[in-house]
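Next come the chains, spelled out residue by residue.
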Amino acid sequence: MRITSIDLENFRSHSRYSGTFEKGINLILGRNGSGKSSIIEAIGLALFGGGLRDRQEDAVRWNERRARIKVAFLADDGLEYVVEKVFGNASNHELYQGELLVARGRESVIEKIRIICGLQGDISRTFENVIVASQNKIADQFLGSPAVRRDYFNRVFQVDLYRKISTDFMRSYVSDLRNEDEFLRREIAILDSQLERKEEVKERVAQLLKDLSLTKKELDTLRDTLTKIRSEKTSLEQVSREIASRKSSLERELVSLKDASGNLKNNLKQRERAVRAKEIVDESREAHDLYEKLLKEENILNTEKRRLEGLAEESSRIGRKISEFEIEITRLTESLSNKNNRLREIDDRFEEQKIERSGLMKEKEAAELESGKKRRAYELSVSKKKAFKVIYEQYRENERRINSIDDQYASVRNLESVEEPNLCLQKIDEEIEKTNREVMILEKLNEAKTTKSAQKKALEEYEDSLAEGICPLLNEKCRNIENREDYGGYIAGLIKGLEEGERELLKEIKKVGDSPSRLNELLGEKTLILKAIEERAKKESEKSRIEEEKSKLMKTHKNLILELSSILGVPAEVEQMSEEIEKEIREASTELELQNKQVSSLADQIKRIDSQIEELIIGRKKLDEEKKETEKAIASRRTETADLRSSLEEYAKELDKLPEFNTRIEETRRAMALNKAGYENYNRFATLAGYLEEYASLCQSSLEKCRNTSLSISRIRKEYSLLQRAFDSERFEQLGIEEKAVEEKYNLKRDETVSIDRDLLSAKTDLENLSDIEKQKKTRQKTIEKIGKKVELAEKIRENLNLTGERITAGFRDAIERKATLDYMRISGMEETIRWNEDYEVSVKAPEYEGGSIRSFSNLSGGEQVLVSLCLRAAMTGILSGARFAVFDEPTSNLDKERKELLAHSLRELFGELDQSIIVTHDDVFSEMAQKVIRLEPPNELETQ
Amino acid sequence: MNSESELADLKFLHCSDIHLGRRPIGSPNSPYSSTRYEDYFDAFEFVVDWALAHKIDAFFVTGDLFDKREINPDTLARTQSILSRLRDCGIRVIAIEGNHDKSFNVNESWLRFLHETAYLELLSPVQGGNDIIFPYVEISGFKVYGLGYPGFLAAEMISKVASVLSGRNNIVLVHTAPGNDSFIPGLVTPEALNVLRSKVVYAGGGHLHSQFAFPANDPFFFVPGSLEYWDVWENDRKGFYVFNTEKEAADFHNSRRRERQEFSVHVNEGEGLSDFIEDHEIHHGAIVLVTVSGSGDFNVDQGGLEREIESGGALKAFVKVRRTDRDITLDDYKSMSARDIEREVIMSSKEWKEIGAKGEELVAIIEKMKHFQEEGRYDLFKDSVDSFLESITGDVS
Ligand SMILES: Nc1ncnc2c1ncn2[C@@H]1O[C@H](COP(=O)(O)OP(=O)(O)OP(=O)(O)O)[C@@H](O)[C@H]1O
Ligand SMILES: [Mg+2]
């Protein structure tokens, strides 16, 4: 695996840190306290759940509440995983693959990482002991007493487990086997004792079989006898049953005859009663009808009478009610006069309050008038201040302008120190004229010189032909020339003359030769001067403009001061004026405030009185309403009383009729008493008389039934006597006795058979059980044999486990030792070998050719110890951690420069096989060999940058 | 009739590990490199031709369509043009990511780009609120799920997807293969695959470059292998599967790929390989692989022989020399891990052999003993030790 990036938030000194890491060797460089070790801790905590120097809470940045670590790493499956841990006042531990959440919670995240990174055992331990070599602890592991070392490395190698299995689970297993063995043996002993009975049981089975067949035969004969007796008995029983049935039907018929005759008697009696009832009914019919009519009349009269009695009662109730109403009316009248009194009182109070209020109103108006005056005074001073401020600002602006004008003026003024340019111009012009003349001369001289030299050249060129008298123009003999003697001499003389002239001219030319360049210079100077003049003119005009402006500004200045003092009324310094104005405003505003307070206090008083008046008005209105209500109540009570009186009169009229009704009722009752006996008789017998015909027909049918029953009785009697003669009762009794005796015998025999059978069955199962037991014994014996073998093997396994643990340890030690030696030789440049014995004691051995001396680890120098440890650690990481990832915190303390350099060169050998290594160091020497160098600045410096 | 009859008779083509855009390592601008670059496209084109000719119903790619996460414009354009032939015929292409083309970031995924431009449909699990969600596409009643490359989480993801599958008309595509090999990361144990057996009609795997069907009898999980040789030394069957839904059976078809000749020769002590070319017929354009073995002092000029074979017409030659007489060297030992050492010690122990325990079985039982002791599970410990002893006492008697 390898880490690709780390992000920290509030972890130790890092408030925020992000860094990326590369495949291969990564260096973290930085000064003390820059947070290098902290990064290592963060990796350990997030990925492996360990490796902190103190408690987790202490790793949260001071004064912060929550730390966050995010580490992205590439696993061997080529996928990038991201683990994120948050701790402090909230906590969270999550592992992602891409966007997929793979695990959540410390336990499952660490377990997943363990699988993904191909680690074994306790991974935080692997991290702390194998992956990370902590600062200052690199050599520690190899120091200490043998016991401590053995303990430590056994833990690191994680081979303790072999010994543990041997002494723990494997031992339990062996003792389990032994217990099983013992148990089986005990069981076999028990089985043996059971098997002793086998022969005995076999004999018993044979005897029982014989007995059984004998008793079965006897049982058969008995059964035959019993069957014969029973069949005879059954036929006799059949006859006796028929006799009994006849007897019972006879008895039944007799009973029914008796019933029928009873019925007949009864019906006859009833018919007689009905005949008599009919006679009585016929006699009393008239009286009955009259009575009924009277009864109706009485009912009507009675109802009317009851109504009148009700009226009488109602009259007396109304009388009571009228007197009640009268009492109430007096009470209400009293309350009415009371209310009138209270109304008068309220009216008086209202008048008083009104007078007080108008007084206060007047006072308030006066105060408001005063307050208006004060406000105007205040506003005046405020507007004065505003005006003052406006002008004051103008004044300030003006002042600033004056200052700037002064500056401008100063810059213009220093012009005067320069020399008068017009004078210079004149001088230069003169000079130019002179030089111009010289140039003209020079041109002329040059021309003359060229003519001379051309003549000379022509003469020289044609000297030969001329010497022979040939004209160079006509190319033929020229008589002019021909005639001259010593022509050559002449020509030479001419040339000489020309040369002379030339020399003269050259002298002249030299005198004025530099005139053109001088002319140029002068012309240049002149333009400069012209420019200066122009400039000067500009500045001059500027200056006069500035002066003019300044005087204007000064005038304004004076005017403004005048204006300002006119605002104030008195002349004074400008600053003083401004203060004066402020003061005036302050005073005006305090006075205004005081006056306003006075006004508002008066307003408050008026308000108070207003609210009292209001209250009075409300009270009066309420009382008025109450009074009206009382008046209404009195009136309504009066009308009600009048109504009641009139109905009372009506009732009295009706009640006059009551005595008449009483006499009419009396008469009717008397007539009713006369007819009552007839009425009652009719009612009693009418029903019975109605049944007369029915009773007659019932009598007829009862008679018929009696006749039929007596006929059937005589028939059954005849049959019964016939059967009785046919039944032999003696024989029947004898048969009963015989049957019982045989039956008893049979039952006895049967019980005997059953018991023999049962005995046989049990004996047989007994026998089967015994053979089962025999089988069981055999399997147990086999198991014991097997357990014996297993125990033997298990004991060997225990030994082997111990041995294997040791061998593996030795194998690890060996591999680590060899790899470490290779690296050590390369880095130290010496032939010494590292040795690591069973006690994990490290030593360094010189080669044989140098005597093969051995130096123990504690005898090595500090630097040598670090180097040897480093090699061992690198080898351990390579071999023991499947993660192919290592971290070294300050591995170079104690190393001299030379060793450091050697180490730097060997970094690739030491850590090249790993996917990634992270090395924390102060030394720049390593940076060349690293794939990536991460430089940390101390946090406080970063912050101030 | 029931819905099953509507599902009948569909043909799904399944290929994997196409590695488009791959160039052999080394010699970047050589003709060999550019020929091989073409080979991967040719192999893919061949499968697509087949698919069009046989009118298949859907086309599955179970990972590593591309050889790299970042591809060049040429590779993209050519892939698009091949895929568009399927698209034009209405054949849906369902793809998942493999370890080679899996993007670390959704916005940088070319497969996602092809998905968004409708050249293929990319399936990959996404994180839901609490659980992982497995999106699927439905093809005529069959639900096709894609798991992508789950790496070390293969077993876990497979069991998760198994728990959401209902019925049997499901197809699962995943870039993994059955194996116990800890050397190749990203494989999954056969036991872990078995949870799918009753839940799918077809499971398509990848990652391994040789054809493989699991289990041997009545297989449901199919790895077609890569189409071309990813590494020239690969020598197993390679091709694509065509699954017929009516027959519920998958037929394997070979892919078309570059010819590859493999020779192995033995050299005696003191001899060389001067007449290799005369003794072996080299095919034009083939990749030729030669393994030379020998012991003692023999002399083979690997580079020379390679050049000689190449001038005989081969596209490329590789010669490997294996000495049969050398022990494990310290360098070999150096790279041994703790686990290797542990195994080595256990396997070579005479004491264990004496009691009849040896080999992988022994390593496994010791592993179990350690595990159960650590977990404090005496019951399981006892069971497994007991059955182990049972087996060896059985052997003894
Ligand atoms: N919880 C914390 N909050 C803030 N600062 C902390 C916290 N814990 C430790 N520190 C400080 O963080 C600083 C960095 O510590 P660290 O050990 O990482 O430094 P370093 O770079 O390894 O230094 P050195 O080179 O000395 O080993 C130290 O000054 C330490 O006191
Ligand atoms: Mg530190």
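Remember, predicted model here, so these are calculated numbers, not experimental data. (Residues numbered from 1 in each chain as written. Chains lettered and ligands numbered in written order. Predicted model: local features only at pLDDT ≥ 70, side-chain atom pairs only at ≥ 80, totals over all residues. Heavy atoms only, no water.)

Novice: Tell me what's going on with the overall build of chain B, and back it up with residues and numbers.
Specialist: Check the secondary structure of chain B and you find 13 helices and 17 strands. For chain B, the proportion of its 397 residues judged to be buried stands at 49%. Expressed as a percentage of contacts within chain B between residues at least 6 apart in sequence, the contacts between residues at least 24 apart total 69%. Per element, the accessible surface of chain B, about 18,600 Å² overall, is 47% carbon and sulfur. (Helix = DSSP H or I, 4+ residues; strand = E, 2+ residues; numbered from the N terminus. Buried < 20%, exposed > 50% of the residue type's maximum accessible area, 1.4 Å probe, protein only. Contact = heavy atoms within 4.5 Å. Areas by Shrake-Rupley, 256 points an atom, 1.4 Å probe, with all protein chains shown as cover.)

Novice: Tell me about the pairing of strand β2 (residues 14–20) of chain A, residues and numbers included.
Specialist: Residue and element names in this part refer to chain A. Pairing analysis gives six bridges linking strand β1 (residues 2–11) to β2, with the strands arranged antiparallel. Bridged to Glu9 within β2 is Arg16. Where β1 folds back on β2, the antiparallel hairpin that results is connected by two residues, among which Arg12 adopts a positive phi of roughly 50 degrees. (Pairing = 2+ DSSP bridges.)

Novice: Got a sec to walk through the pattern of salt bridges? Specific residues and values, please.
Specialist: Scanning all chains against the criterion turns up 97 salt bridges over all chains. We note a salt bridge from Arg68 of chain A to Glu84 of chain A, for which the minimum N-O separation is 2.8 Å. Here the residue Arg68 of chain A occupies a position in strand β4 (residues 66–74), and Glu84 of chain A occupies one in strand β5 (residues 80–88), the gap between them amounting to 16 residues. Exposure remark for Glu84 of chain A: the relative accessible area of 18% places this residue in the buried category. Between Arg85 of chain B and Asp49 of chain B there is a salt bridge, and its shortest N-O distance comes to 2.7 Å. Taken together, the residues span a long stretch of sequence, with Arg85 of chain B in helix α3 (residues 73–88) and Asp49 of chain B in helix α2 (residues 31–53) at a distance of 36 residues. Relative accessible area serves as the criterion here: at 28%, Arg85 of chain B is assigned to the partly exposed category. Overall, Asp49 of chain B belongs to the partly exposed group, its relative accessible area being 34%. Connected through salt bridges with shared partners, the residues Arg230, Lys233, Glu237, Glu739 and Glu743 of chain A form a single ionic network. (Salt bridge = Lys/Arg side-chain N within 4 Å of Asp/Glu carboxyl O.)

Novice: Tell me about helix α12 (residues 515–568) of chain A, residues and numbers included.
Specialist: Structural remark: α-helix, 3.6 residues per turn; residues separated by three or four positions point the same way. Between its first and last C-alpha atoms α12 of chain A spans 78 Å; for 54 residues at 1.5 Å apiece the expected length is 80 Å, and the two agree. At the C-terminal side of α12 of chain A, Gly569 of chain A shows a positive phi close to 100 degrees. (Expected span 1.5 Å × (residues − 1).)

Novice: How would you summarise the sheet that holds strand β17 (residues 316–323) of chain B if you had to cite specific residues and measurements?
Specialist: Residue and element names in this part refer to chain B. Pairing is parallel across the open sheet formed by three strands, whose spatial order is β15-β16-β17. Where the open sheet ends on each side, the last strands, each with one partner, are β15 (260–267) and β17. The mean angle between the axes of side-by-side strands here comes to 15 degrees, regardless of whether they run parallel or antiparallel. Note: β15 against strand β16 (residues 287–294), eight bridges, orientation parallel. Looking across to β16, one finds that Glu262 is bridged to Leu289. (Axes fitted to C-alpha atoms, helices over the stretch in contact; angles between N-to-C directions.)

Novice: Which residues make up the environment of Ile509 of chain A, and what values go with them?
Specialist: Residues and elements named next belong to chain A. Inspection of the secondary structure assignment puts Ile509 in helix α11 (residues 487–512). Residues Ile509 and Val439, 70 residues apart in the sequence, show an inter-C-alpha distance of 9.9 Å. Aside from chain neighbours lying at most four places away, what touches Ile509 is Leu442, Leu445, Asn446 and Lys449.

Novice: Quick rundown of the nonpolar core? Include the residues and the values.
Specialist: For soluble globular proteins, the rule of thumb is that nonpolar side chains tend to be buried together. Judged by nonpolar contacts, the single largest core of 85 residues is most densely connected at Phe157, Met170, Ile816, Trp836 and Leu880 of chain A. Broken down by element, the residue count for this core peaks at 14 residues, all from helix α16 (residues 729–828) of chain A. With near-sequence residues (within four places) excluded, Ile816 of chain A lies in contact with Phe157, Trp836, Leu872, Ala875, Met876, Ile879 and Leu880 of chain A. Counting 74 residues, the second largest nonpolar core, distinct from the first, contains Ala42 and Leu79 of chain A together with Val161 and Leu196 of chain B. (Core = buried A, V, L, I, M, F, W, Y, C linked by side-chain atoms within 4.5 Å.)

Novice: Run through the sheet that holds strand β10 (residues 842–845) of chain A, naming residues and quoting values.
Specialist: All names here are of chain A. As summarised here, the arrangement of the three strands in space is β9-β10-β11, forming an open sheet in which the pairing is antiparallel. In this open sheet, the two strands that pair with only one neighbour each are β9 (833–836) and β11 (854–856). When strand polarity is set aside, the average angle formed by the axes of neighbouring strands in this sheet is 30 degrees. The pairing of β9 with β10 spans four bridges and is classified as antiparallel. Opposite Trp836, over in β10, you have Val842 as the bridge partner.

Novice: Can you tell me about the site of ligand 1, naming the residues and giving the values?
Specialist: All names here are of chain A. Around ligand 1 lies a shell of 19 residues, among which Lys36, Ser37, Ser38, Asp58 and Gln135 are the nearest. Taking Val60, its main chain carries an N or O atom lying 2.8 Å from a nitrogen atom of ligand 1. Coverage of ligand 1 by the protein chains reaches 80% of its 650 Å² of free accessible surface. Among the residues making up the shell around ligand 1, the classes are represented as three nonpolar, nine polar and seven charged. (Near = heavy atom within 4 Å. Polar contact = N/O pair within 3.5 Å; in protein donor to acceptor, adjacent residues only side chain to side chain. Nonpolar A, V, L, I, M, F, W, Y, C, P; charged D, E, K, R; others polar.)

Novice: Lay out helix α2 (residues 106–116) of chain A with the relevant residues and their values.
Specialist: Taken as a whole, α2 of chain A has its buried residues at Val109, Ile110, Lys112, Ile113 and Ile116 of chain A. All buried residues of α2 of chain A lie within an arc of 160 degrees about the axis, which places them on one face of the element. (Arc of directions from axis to C-beta.)

Novice: Summarise the side chain of Lys112 of chain A; cite the residues concerned and give the values.
Specialist: If you trace the backbone, Lys112 of chain A turns up in helix α2. For Lys112 of chain A, a relative accessible area of 17% translates into the label buried. Among residues more than four places away in sequence, those in contact with Lys112 of chain A are Leu95, Val102 and Ala103 of chain A together with Leu153 and Glu156 of chain B.

Novice: An account of the packing of aromatic side chains is requested, with residue identities and associated values reported.
Specialist: One pass over the full model with this rule turns up 31 aromatic pairs over all chains. Ring geometry for Trp50 of chain B and Phe240 of chain B: centres 5.4 Å apart, planes at 65 degrees, overall edge-to-face. Here Trp50 of chain B is found in helix α2, whereas its partner Phe240 of chain B is found in strand β13 (residues 239–244), with 190 residues between them in sequence. A relative accessible area of 17% means that Trp50 of chain B is categorised as buried. With a centroid separation of 5.9 Å and an interplanar angle of 80 degrees, the aromatic rings of Phe263 of chain B and Phe276 of chain B are classed as edge-to-face. In this pair, Phe263 of chain B sits in strand β15 while Phe276 of chain B sits in helix α7 (residues 276–279), placing the two residues 13 residues apart along the sequence. Phe276 of chain B carries the same exposure label as Phe263 of chain B, and that label is buried. One aromatic cluster is present, built from ring pairs that chain together Phe142, Tyr152, Phe153, Trp836, Tyr840 and Phe857 of chain A. Over the ring of Trp230 of chain B we find Arg22 of chain B; its NZ or CZ atom is 4.0 Å from the centre of that ring. (Phe/Tyr/Trp six-rings, centres within 6.5 Å; stacked < 30°, edge-to-face > 60°. Lys NZ or Arg CZ within 6 Å of the ring centre and 35° of its normal.)

Novice: Any details on the side chain of Ser869 of chain A? Residues and values, ideally.
Specialist: All names here are of chain A. Among the secondary structure elements, Ser869 is positioned in helix α17 (residues 862–880). The buried category is assigned to Ser869, whose relative accessible area is 0%. Polar contacts involving the side chain of Ser869 include one to the main-chain carbonyl oxygen of Gln865, which spans 2.5 Å.

Novice: Please give an account of the packing of α2 of chain B against α3 of chain B that cites residues and values.
Specialist: All names here are of chain B. Where α2 contacts α3, the axes come no closer than 9 Å and their chain directions differ by 10 degrees. By the angle between their axes, α2 is roughly parallel relative to α3. Taking contact as the criterion, the partners of Tyr37, Glu38, Phe41, Phe44, Glu45, Val48, Asp49, Ala51 and Leu52 in α2 are, on α3, Asp74, Thr75, Arg78, Thr79, Ile82, Leu83, Arg85 and Leu86. When the residues that make up the contact of α2 with α3 are grouped by side-chain class, the tally is nine nonpolar, two polar and six charged. (Parallel < 35°, antiparallel > 145°, perpendicular 65-115°, else oblique.)

Novice: Run through the interface of chain B and chain A, naming residues and quoting values.
Specialist: The partner chain A presents 51 residues to the 49 residues of chain B that form the contact. A buried area of about 4,700 Å², summed over both sides, lies between chain B and chain A, and 67% of it is on carbon and sulfur atoms. Taking the shortest distance from any N to any O, the salt bridge between Arg807 of chain A and Glu351 of chain B comes out at 2.9 Å. The interface formed by chain B and chain A contains 19 residue pairs in polar contact (both at pLDDT 80 or more). With ten residues, the single largest contributor to the side of chain B that touches chain A is helix α13 (residues 378–396) of chain B. A class-by-class count of the residues in the side of chain B that touches chain A yields 28 nonpolar, nine polar and twelve charged. (Buried area = accessible area lost by both parts, 1.4 Å probe.)

Novice: So what about the confidence of the model for chain A? Which residues, and what values?
Specialist: A residue-level look at chain A finds 96% of positions with pLDDT of 70 or above and a mean pLDDT of 84. Within the model, the stretch residues 941–945 of chain A combines pLDDT values under 50 with three contacts to residues more than four positions away or in other chains. (pLDDT = per-residue confidence, 0-100.)

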